[in-house]
Amino acid sequence: MRETVYLLLIWLGVLSALALVLFGWDKLMAKKHRRRIPEAALLGCALAGGSAGAALGMAVFHHKTRKPPFPVLVPLALLAHAALLAWAALGR
């Protein structure tokens with residue numbers, strides 16, 4: 001694997017971990033009727049590279065699964081990030 005692939009994996013991994021934590025925290029705050037994380041921040045993190053963590057957070061925490069545009073944009077971002085990783089790994 002090349003350095004580019006490693007850096008991309010690190011980027012996607014860190015943002016996915018962050019997205020998972022953000023989705024979990026937002027769900028917890030929703031249950032406690034406390035201040036929430038803005039939807040733009042959740043989507044932004046997912047689109048910037050955290051789509052795997054966002055998708056996992058949606059499934060594990062049952063959070064934002066029916067709220068537009070999450071059920072559409074998160075899977076599309078996941079496909080785009082997987083395609084980007086495959087493109088980088090297979091040599092452009």
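Right above here is the structure, for reference.
Below, the structure is looked at part by part.

**Some thoughts on the environment of A88**
Following the sequence through the fold, A88 ends up in helix α3 (residues 70-89). When its relative accessible area of 3% is taken as the criterion, A88 is described as buried. It is 8.6 Å that separates the C-alpha atoms of A88 and R2, two residues lying 86 residues apart in sequence. When sequence neighbours within four positions are dropped, the list of residues in contact with A88 reads R2, V5 and L8.

**Comments concerning the pattern of salt bridges**
According to the stated counting rule, one finds 3 salt bridges in the structure shown. When the shortest N-O distance is used, the salt bridge between E39 and K67 registers 3.3 Å. With E39 in helix α2 (residues 39-61) and K67 in the loop between α2 and α3, this residue pair connects regions lying 28 residues apart in the sequence. On the accessibility criterion, E39 (28% relative accessible area) is partly exposed. When its relative accessible area of 39% is taken as the criterion, K67 is described as partly exposed. Taken together, the salt bridges that share partners define one network made up of E39, K64 and K67.

**Notes on a nonpolar patch on the surface**
Judged by side-chain polarity, L7, I10 and V14 come together as a nonpolar surface patch covering roughly 300 Å² of accessible area. As for its position among the elements, I10 is in helix α1 (residues 3-31). Taking relative accessible area as the criterion, I10 reaches 54% and is therefore assigned exposed.

**Topic: the packing of α1 against α2**
As a packed pair, α1 and α2 sit with axes 7 Å apart at the nearest point and diverge in direction by 55°. On the basis of their axis angle, the class for α1 and α2 is oblique. Note that α1 runs across α2; the crossing there is right-handed. By residue class, the composition of the contact of α1 with α2 is 16 nonpolar, 7 polar and 2 charged.

**Quick look at α2**
Compared with the 33 Å implied by 1.5 Å per residue over 23 residues, the 16 Å span of α2 between its first and last C-alpha is markedly short. Along its length, α2 shows its largest kink, about 130°, at G50. Turning to α2, its buried residues are L42, L43, C45, A46, G49, G50, S51, G53, A54, G57 and M58. Structurally, α2 contributes buried residues whose contacts are with α1 and α3.

The rules behind these values
- Residues numbered from 1 in each chain as written.
- Predicted model: local features only at pLDDT ≥ 70, side-chain atom pairs only at ≥ 80, totals over all residues.
- Heavy atoms only, no water.
- Helix = DSSP H or I, 4+ residues; strand = E, 2+ residues; numbered from the N terminus.
- Buried < 20%, exposed > 50% of the residue type's maximum accessible area, 1.4 Å probe, protein only.
- Contact = heavy atoms within 4.5 Å.
- Salt bridge = Lys/Arg side-chain N within 4 Å of Asp/Glu carboxyl O.
- Patch = residues over 30% accessible without salt bridge, like charges linked within 9 Å, V, L, I, M, F, W, Y side chains within 5 Å.
- Areas by Shrake-Rupley, 256 points an atom, 1.4 Å probe, with all protein chains shown as cover.
- Axes fitted to C-alpha atoms, helices over the stretch in contact; angles between N-to-C directions.
- Parallel < 35°, antiparallel > 145°, perpendicular 65-115°, else oblique.
- Left-handed = near helix turned anticlockwise from the far one by under 90°.
- Nonpolar A, V, L, I, M, F, W, Y, C, P; charged D, E, K, R; others polar.
- Expected span 1.5 Å × (residues − 1).
- Bend = angle between axes of the 7 residues up to and from the residue.

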